[in-house]
Amino acid sequence: MIQLTQFYIRNFRPWLLGVYTRIVYSGSRVEIGKRFRTDSIPRIIVDKGCVVKIGSNVEFRRNIEIRSHGISKIIIGNNVRIDRGVRLLAANTAIIDINEKVRIGLYSVFNGGDSITVGAKSLVSGFVYLQTSMHGFAQKSLSVQEQGYNHAPVVLEQDTWLGTHVVVLPGITIGKGAVVGSNAVVSKNILSYQVVAGIPAKPIKERE
């Protein structure tokens, strides 16, 4: 009996919740591909004029939140796996484009005031923050809240690996095959196959 229960939790329940998710969001500017599986029905908020596309063979864990505002788009490719508590937010005219076979770790946040691209087969560990928006703060006569935001896109090329608790600041491109060590703050572009670490992140070696 215990083995049957475990089999249900691991296999049938995520598939069934995937079907329910498709029903819940049918006709609501959300497209979900074949063989979608999830541990709980995600929270998906999509404004008029926005689109969320989820590819085939995608797996969600629990408590995932997806929000698309303005005239933005969120595109999740085939064979992507997203761990629990992840938040994807696109606003303005941003496009969050997560390519095939990407893995995103638990409680990571993609803050898409501008576009975010994640290349195929990239690994984003847990508690990573991709930040495309930064408050203005130069004018001391105004509060930070009153000075609005500056936006710039973030690009992770294919086969990148971001360690746990990495922060990527607006306007950054991380080259193909690059590795970012845990707890790093990325404030400058990273070349392909570089390994970087630290605050701010600096090159320590290259992949062979």
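Residues numbered from 1 in each chain as written. Predicted model: local features only at pLDDT ≥ 70, side-chain atom pairs only at ≥ 80, totals over all residues. Heavy atoms only, no water.

Caption draft 1: Inspection of the overall build of the chain at higher detail. Secondary structure summary: the chain contains one helix and 25 strands in total. For 208 residues, the compact-globule formula gives about 17 Å, and the C-alpha radius of gyration of the chain, at 18 Å, lands near that figure. Principal-axis analysis of the C-alpha atoms places the extent of the chain at approximately 60 × 45 × 25 Å. The 208 residues of the chain split such that 42% are buried. Sequence-distant contacts in the chain: of pairs separated by 6 or more residues, those separated by 24 or more amount to 14%. When the accessible area of the chain is evaluated, it comes to approximately 11300 Å², of which 54% is carbon and sulfur surface. One finds the centroid of the 26 positive side-chain charges in the chain at a distance of 5 Å from the centroid of its 14 negative side-chain charges. (Helix = DSSP H or I, 4+ residues; strand = E, 2+ residues; numbered from the N terminus. Rg over C-alpha atoms; globule rule 2.2 N^0.38 Å. Buried < 20%, exposed > 50% of the residue type's maximum accessible area, 1.4 Å probe, protein only. Contact = heavy atoms within 4.5 Å. Areas by Shrake-Rupley, 256 points an atom, 1.4 Å probe, with all protein chains shown as cover. Lys, Arg positive; Asp, Glu negative; His and termini not counted. Charge placed at Lys NZ, Arg CZ, Asp CG, Glu CD.)

Caption draft 2: Broad picture of the packing of aromatic side chains. Under the criterion given, the structure shown has two aromatic pairs. Ring geometry for Phe36 and Phe60: centres 5.0 Å apart, planes at 85°, overall edge-to-face. Pair noted here: Phe36 is in the loop between β1 (30-32) and β2 (37-38) and Phe60 is in strand β5 (residues 59-60), with a separation of 24 residues, a long-range link. We classify Phe36 as buried; its relative accessible area is 2%. (Phe/Tyr/Trp six-rings, centres within 6.5 Å; stacked < 30°, edge-to-face > 60°.)

Caption draft 3: Up close: the pairing of strand β3 (residues 43-46). Here β3 shows one buried face, formed by Ile44 and Val46, and one open face, formed by Arg43 and Ile45. Relative to strand β6 (residues 65-68), β3 is paired through four bridges, and the arrangement is parallel. Pairing of Ile45 across the sheet is with Arg67, part of β6. (Pairing = 2+ DSSP bridges.)

Caption draft 4: Just the sheet that holds β5, in detail. Ordered in space as β2-β5-β8-β11-β14-β19-β22-β24-β25, the nine strands form an open sheet in which the pairing is mixed. Edge strands, defined here as strands with exactly one partner in the open sheet, are β2 and β25 (202-206). Relative to strand β11 (residues 103-104), strand β8 (residues 81-82) runs parallel, the two being bridged by two bridges. Looking across to β11, one finds that Arg81 is bridged to Arg103.

Caption draft 5: Structural detail: unusual backbone geometry. Omega for the peptide link from Ile199 to Pro200 comes to -5°, which places this bond in the cis form. Structurally, Pro200 is set in the loop between β24 (194-197) and β25. The backbone phi angle of Asp159 is positive, close to 65°, even though this residue is not glycine. One non-glycine residue, His165, lies in the positive phi region at around 65°. Tracing the chain through its elements places His165 in the loop between β19 (161-162) and β20 (167-168). For His165, a relative accessible area of 40% puts it in the partly exposed group.

As far as function goes, none of this settles anything; it's purely spatial.
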